[in-house]
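Each chain is listed here by its residues.
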Amino acid sequence: SESSQDIYEVVGQVASGSTFSFQGAGAYDPQRKIFVRTAGSTFTFWDLDQPQGVIPNNVIFSPNVIGGTFDFSRLIYYGLDYDHLRQVFLLWDGDQEIWKLTPPQDLSSGDWVLSRVTPDGQSVPRQGSVVNPILGKWKYARALDAYIGLFDSWSGDIWVYKPTNWQPEIENEGVSIANIKDGETVYSNQPVELSVYALGKTISRVQ
């Protein structure tokens, strides 16, 4: 089978004395070739852009926080994923606010920046007093240019975050009509509700 051709390879190791533990989330930045991970209240990363045969150690860092106060004790609950378009990491814990983690130009000496983003919307997610870890349930969908998050093990609520300067990958433009099944006949005296949606177009009139 194809799975028999899969290969494991060690690409990073934990530096001596570099202690971190507890659950967390991780994401890979293919532009900078770094892997970022959260663990408990700690951020760490591996610089994987190394010569052949060199296995890098992890580096623990404390980002500069701007735009608000970040509760590092809750980092253990956050989901983390990488935005290939804006080249930043985004974190979400199931509440309204999202946090943007920006790597420095110089990974060896520069400062990481953690800044708050408060999206607009008719409704917003609310974790409230319930602790429901997000972790891997927060993913960036490049084709949609949006983040998809899931929380609440009972209701299965799904939230979508659309970043500023939204740029989805539109492959097939067109206009479609929903609520009418294929082959369905609707008579003139029969009330019907039409929903029309467009991909890559603006609808100005329906006839």
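The text that follows walks through the structure, step by step, so that each part is easy to find. Keep in mind that what you see is a predicted model, and the values were worked out from it rather than measured.

With that settled, the discussion passes to the overall build of the chain. The helix and strand inventory of the chain stands at 0 helices and 14 strands. Its helices and strands taken in sequence order, the chain reads β-β-β-β-β-β-β-β-β-β-β-β-β-β from the N to the C terminus. Considering the chain as a whole, with its 207 residues, one finds that 29% of them fall into the buried category. Pairs at least 24 residues apart make up 49% of the contacts formed inside the chain by residues separated by at least 6 positions. Surface summary for the chain: the accessible area is close to 13700 Å², and the carbon and sulfur share equals 49%.

A one-sided burial pattern is seen for strand β1 (residues 26-29), the buried positions being A27 and D29 and the unburied ones G26 and Y28. What sits between the antiparallel neighbours β1 and strand β2 (residues 34-39) is a turn of 4 residues, in which K33 has the positive phi angle 60 degrees.

A word on the environment of V14. Structurally, V14 can be placed in the segment before β1. Separated by 42 residues in the primary sequence, V14 and P56 place their C-alpha atoms 8.4 Å from one another. Once residues within four sequence positions are removed from consideration, V14 is found in contact with F20, W46, N57 and N58.

Mapped onto the secondary structure, T44 falls in strand β3 (residues 42-47). We classify T44 as buried; its relative accessible area is 1%. From its side chain, T44 meets the backbone oxygen of V59 in a polar contact 2.9 Å long. In this view, T44 contacts F20, F35, V36, R37, N58, V59, I60 and F61; residues no more than four positions away in its chain are not counted.

With that settled, the discussion passes to the pattern of salt bridges. Applying the stated criterion across every chain, the model contains 6 salt bridges. Put simply, R32 and D29 hold a salt bridge, and the shortest N to O gap is 2.5 Å. Residue D29 is classed as buried on the basis of its relative accessible area, which comes to 0%. With its nearest N and O atoms 2.8 Å apart, the salt bridge here joins R86 to D145.

Right, let's get into the sheet that holds strand β11 (residues 146-151). Here 3 strands make up an open sheet; going across it, the order is β10-β11-β12 and the pairing antiparallel. Every other strand in the sheet has two partners, leaving β10 (138-141) and β12 (157-161) as the edge strands with one partner each. Each adjacent strand pair in this sheet contributes to an overall mean axis angle of 25 degrees, direction not counted. In this sheet, β12 lies alongside β11 in antiparallel orientation, the contact comprising 5 bridges. Its bridge partner being in β12, L150 is matched across the sheet by I158.

As a further point, take the environment of V36. Along the chain, V36 turns up in strand β2. Taking the C-alpha atoms as reference points, V36 and D47, separated by 11 residues in sequence, lie 9.0 Å from one another. With near-sequence residues (within four places) excluded, V36 lies in contact with A25, G26, A27, T44, F45, F61, L80, F89, L101 and W112.

Here we come to the packing of aromatic side chains. The description of an aromatic ring pair uses the distance of the two centres, along with the angle that the planes make with each other. Evaluated as defined, the whole model comprises 15 aromatic pairs. Relative to W46, the ring of F35 lies with its centre 6.1 Å away and its plane at 45 degrees, an arrangement referred to as tilted. With F35 in strand β2 and W46 in strand β3, the pair connects residues that are 11 residues apart, well separated along the chain. W46 gets classed as buried once you look at its relative accessible area, which sits at 10%. A centroid spacing of 5.2 Å and a plane angle of 40 degrees characterise the contact between F70 and Y78, whose relative ring orientation is tilted. Overall, the relative accessible area of 7% leaves F70 in the buried class. The ring of W166 carries the charged tip of K162 above its face, separated from the ring centre by 4.7 Å.

Calculation notes
- Residues numbered from 1 in each chain as written.
- Predicted model: local features only at pLDDT ≥ 70, side-chain atom pairs only at ≥ 80, totals over all residues.
- Heavy atoms only, no water.
- Helix = DSSP H or I, 4+ residues; strand = E, 2+ residues; numbered from the N terminus.
- Buried < 20%, exposed > 50% of the residue type's maximum accessible area, 1.4 Å probe, protein only.
- Contact = heavy atoms within 4.5 Å.
- Areas by Shrake-Rupley, 256 points an atom, 1.4 Å probe, with all protein chains shown as cover.
- Pairing = 2+ DSSP bridges.
- Polar contact = N/O pair within 3.5 Å; in protein donor to acceptor, adjacent residues only side chain to side chain.
- Salt bridge = Lys/Arg side-chain N within 4 Å of Asp/Glu carboxyl O.
- Axes fitted to C-alpha atoms, helices over the stretch in contact; angles between N-to-C directions.
- Phe/Tyr/Trp six-rings, centres within 6.5 Å; stacked < 30°, edge-to-face > 60°.
- Lys NZ or Arg CZ within 6 Å of the ring centre and 35° of its normal.

In short, geometric facts, not functional conclusions.
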